[in-house]
2 protein chains.
Amino acid sequence: MKALSIKDIAIKANVSITTVSFIINGKAKEKSISEAVIEKVEKIIKESGYKPNQIARSLRTGNSNIIGLIVEDISNSFFAKIARLIEDKAYKRGYKIIYSSTENSVEKAQELINMFKTRKVDAYIISPIKGIEEDIRMLLSDDKPVILFDRNLADVNVNYVGANHFNASYQSIESFVEQGKKNIALVTTDIDVEQITERFDGYKKALLDSGLAYSEELVLKIHFNQDEETTINQIKNLFNNQKIDAVLFATNYLAISGLKVLKQIKKEIGSEFSVIAYDDHEAFELHTPGISTIQQPLEDIAETVIKLLLNQLSSKTKLPNQQVIIPAKLIIRD
Amino acid sequence: MKALSIKDIAIKANVSITTVSFIINGKAKEKSISEAVIEKVEKIIKESGYKPNQIARSLRTGNSNIIGLIVEDISNSFFAKIARLIEDKAYKRGYKIIYSSTENSVEKAQELINMFKTRKVDAYIISPIKGIEEDIRMLLSDDKPVILFDRNLADVNVNYVGANHFNASYQSIESFVEQGKKNIALVTTDIDVEQITERFDGYKKALLDSGLAYSEELVLKIHFNQDEETTINQIKNLFNNQKIDAVLFATNYLAISGLKVLKQIKKEIGSEFSVIAYDDHEAFELHTPGISTIQQPLEDIAETVIKLLLNQLSSKTKLPNQQVIIPAKLIIRD
DNA sequence: TGGTTATAGTAAAACGTTTTACTACACCAA
DNA sequence: TTGGTGTAGTAAAACGTTTTACTATAACCA
């Protein structure tokens, strides 16, 4: 049962392929096709269930109505939620999203970009990693819209949407200080992206501004793709060996490992020991006591990404790149 | 900066397009192209960075090396994790995955299937919903491999991989009974798929086999896409109005809502009140006390799905459909 | 009347591949 | 010399669209 082609429709309707194509693409009026023919052809299309072959279409037009979305790890709830929101919004505007995970591997990211490129996606939404700057520049020079989100790359001039990581981090520390905390730790990762360094800088700056000393002993940088057991041991070490009364986790999965440690070593969260986690997670609300978190405005981020993208797609001329920074929200729970 | 085509390579190498194509596709030997020419062409390809246009390739060959994955909701951690595992495994075998969420809407599912069809994906992995039986039969009659997972459709003869939901549910209730529980509730959804009805049947059968009465008052069926507030109120009602000493949640998101209720009404989980949740979630391990769960073997499911799929893809003849049922594991935590 | 304009539509090239059927030549055996 | 076989390679069709440039007829008008 081979699929119907535009040719079959043309034969059935006894008109030319061109005419059918014009009708399908809503150009019938401007190409002066008569009402009668339009109706006849549309009827045949409906009855036969003909669907244009998108591959052929893409080959001819060079675009696909598909947007490629590249994230670090689709199984991380932050990315899964953002992906889902973006998918919904794009879908409503007639675009499909295809997504894939980089696993923080430069190689895989490059391969994905290449795959998307050879499949002629119309635009890219990327949560980037260091090392793919050159690839992104290539996309830009192909005149394809690119939006980075969550993480920015310092030395590429491109659209970016993300939360204000510096401020969020700064506020968290401030809030610890207001509670009278003196020994505030930071558990972060060693991924070298702006978003992570900003969180780090916010931590440092807030400490200094509050008259507290910054001490390297209180900062733990976890290697980004080691197994969880190692992570847990390192955090355990930190908690056991340092006098700490508060800790900021720079990502939600680090916080989850951290909470596991606290459970294991039976350290209670409360007035003696406070925790704030970056990026909310179901587990934090449910936790007893509730875990305070920095919530990124997922909905806003997704909406802004899509809006920027569609602007670019519908504009003939290249629009200036924008950097949109959206405030994050500190949610205090207990 | 237009992309290079096979023609450009042919000109540069001073050979025909055909020759280049044979070399790219590893058919040079069998088509008796000389070693010298092969080397020359390969060198030019490497130096110029030429990448074949996959769209043109798909148009010509009718396939794409892409597998379409359709799930209910990619932001649900069960699906996100499965998707990620499948993606990894497919990737290693040279296939790309593109995924999309149905949101439990028949219409959206059909549109997605259509989109994948017109993009000529080579195979489908679908966590189906009732109402798309006909669409799946269409795919099968197109001779495209289809694997259902997580949920089966009773009246379509197709490959299926899933956990043993009946047994898992049965065992959970058994374990409650062993603990001396008498009033065991079930919170489930009203989605009409085998996997959910099996969980329900396991619950019922186990009660009867243990000599406990089955009572409709103890079963709450939540409408599948209502907002969480309503769900929480309904569960609160159940917990407040019925004498219950144990509850099985049929999905992880229901369990999360349920745990929120328990927190709100300050009901402690312990010897008086036991909980088991279907499908593990980070929040359950972290919860105090830990929440017992039924773990589906994600890794096994993903591996089996991919294996079945690749068998079909590489076989010339149509293989018989298989139904693979994988045992789930009851994890008792406290 | 002839020239312009509008209406209604079509033929054919192009997008970048893969693949079938072919050519051209050399070599060898009978 | 003929014919067969192997080697090395190519021309051209095909996949299913979109789009440009074209034709043919009717209508209008001065």
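Worth saying up front: this structure is predicted, and the values here are computed from it rather than measured. (Residues numbered from 1 in each chain as written. Chains lettered and ligands numbered in written order. Predicted model: local features only at pLDDT ≥ 70, side-chain atom pairs only at ≥ 80, totals over all residues. Heavy atoms only, no water.)

**Remarks on the interface of chain B and chain A**
Across the boundary between the two partners, chain B contributes 50 residues, which contact 49 residues of chain A. Each partner contributes to the roughly 4900 Å² buried at the junction of chain B and chain A, and carbon and sulfur atoms together form 60% of this total. Contact with chain A buries area across many residues of chain B, yet Ile55(B), Arg119(B) and Leu286(B) alone supply 15% of it, more than any other trio. Our count for the contact surface shared by chain B and chain A stands at 8 salt bridges. Here chain B and chain A share 22 residue pairs in polar contact (both at pLDDT 80 or more) between them. Of all elements in the fold, only α4 (54-61), α5 (77-92), β2 (96-101), α6 (106-118), α11 (252-264) and α12 (282-286) of chain B reach the threshold of two or more residues within the side of chain B that touches chain A. Looking at the side of chain B that touches chain A residue by residue, the class counts come to 19 nonpolar, 14 polar and 17 charged. (Contact = heavy atoms within 4.5 Å. Buried area = accessible area lost by both parts, 1.4 Å probe. Salt bridge = Lys/Arg side-chain N within 4 Å of Asp/Glu carboxyl O. Polar contact = N/O pair within 3.5 Å; in protein donor to acceptor, adjacent residues only side chain to side chain. Helix = DSSP H or I, 4+ residues; strand = E, 2+ residues; numbered from the N terminus. Nonpolar A, V, L, I, M, F, W, Y, C, P; charged D, E, K, R; others polar.)

**What about the UniProt feature "domain: HTH lacI-type" (unreviewed entry) in chain A?**
Here, the residues flagged by UniProt with the feature "domain: HTH lacI-type" (unreviewed entry) are residues 4-61 of chain A. Each end of residues 4-61 of chain A is marked by a C-alpha atom, and these two atoms are 20 Å apart; helix forms 66% of the span and strand 0%. (UniProt positions renumbered as here; feature names shortened; annotations may be inferred.)

**Observations regarding the protein's contact with DNA strand D**
As a matter of local geometry, DNA strand D sits amid 29 residues, with Ile6(A), Lys27(A), Arg60(A), Thr19(B) and Ser34(B) nearest to it. Counted by atom, the contact set of DNA strand D within 4 Å of the protein is 57% sugar and phosphate. A distance of 3.3 Å separates a base oxygen of DNA strand D from a polar side-chain atom of Thr18(A). A distance of 2.8 Å separates a phosphate oxygen of DNA strand D from a polar atom in the side chain of Tyr50(A). Only α2 (17-24) and α4 (54-61) of chain A together with α2 (17-24) and α4 of chain B provide two or more residues apiece to the surface near DNA strand D. (Near = heavy atom within 4 Å.)

**Some points on the relation of the copies chain B and chain A**
Rotating chain B by 180 degrees and translating it 0.0 Å along the rotation axis places it on chain A, where the RMSD comes to 0.0 Å. What the superposition gives is, in effect, a two-fold axis relating one chain to the other. Taking the C-alpha atom as reference, chain B places Ala283(B) closest to the rotation axis, 2.0 Å from it. (Least-squares fit on C-alpha atoms with pLDDT ≥ 70 in both.)

**Let's talk about the sheet that holds strand β6 (residues 184-189) of chain A**
Residues and elements named next belong to chain A. Taken together, the 6 strands give an open sheet; going across it, the order is β7-β6-β8-β9-β10-β12, and neighbouring strands pair in mixed fashion. Either end of the sheet is taken by a strand with one partner, and the two such strands are β7 (219-222) and β12 (329-331). Taking each pair of neighbouring strands and ignoring which way they run, the sheet shows an average axis angle of 15 degrees. Two strands pair when backbone bridges link them, and strand β9 (residues 274-278) and strand β10 (residues 292-295) are joined in this way by 3 bridges, in the parallel orientation. Each bridged residue has a counterpart across the sheet, and for Ala 277 the counterpart in β10 is Thr 293. Against the sheet, helix α8 (residues 165-178) touches β6, β8 (246-249), β9, β10 and β12, its axis set at about 170 degrees to β9. In this fold helix α9 (residues 194-209) packs onto β6, β7 and β9, with an angle of close to 170 degrees to the strand it touches most, β6. (Pairing = 2+ DSSP bridges. Axes fitted to C-alpha atoms, helices over the stretch in contact; angles between N-to-C directions.)

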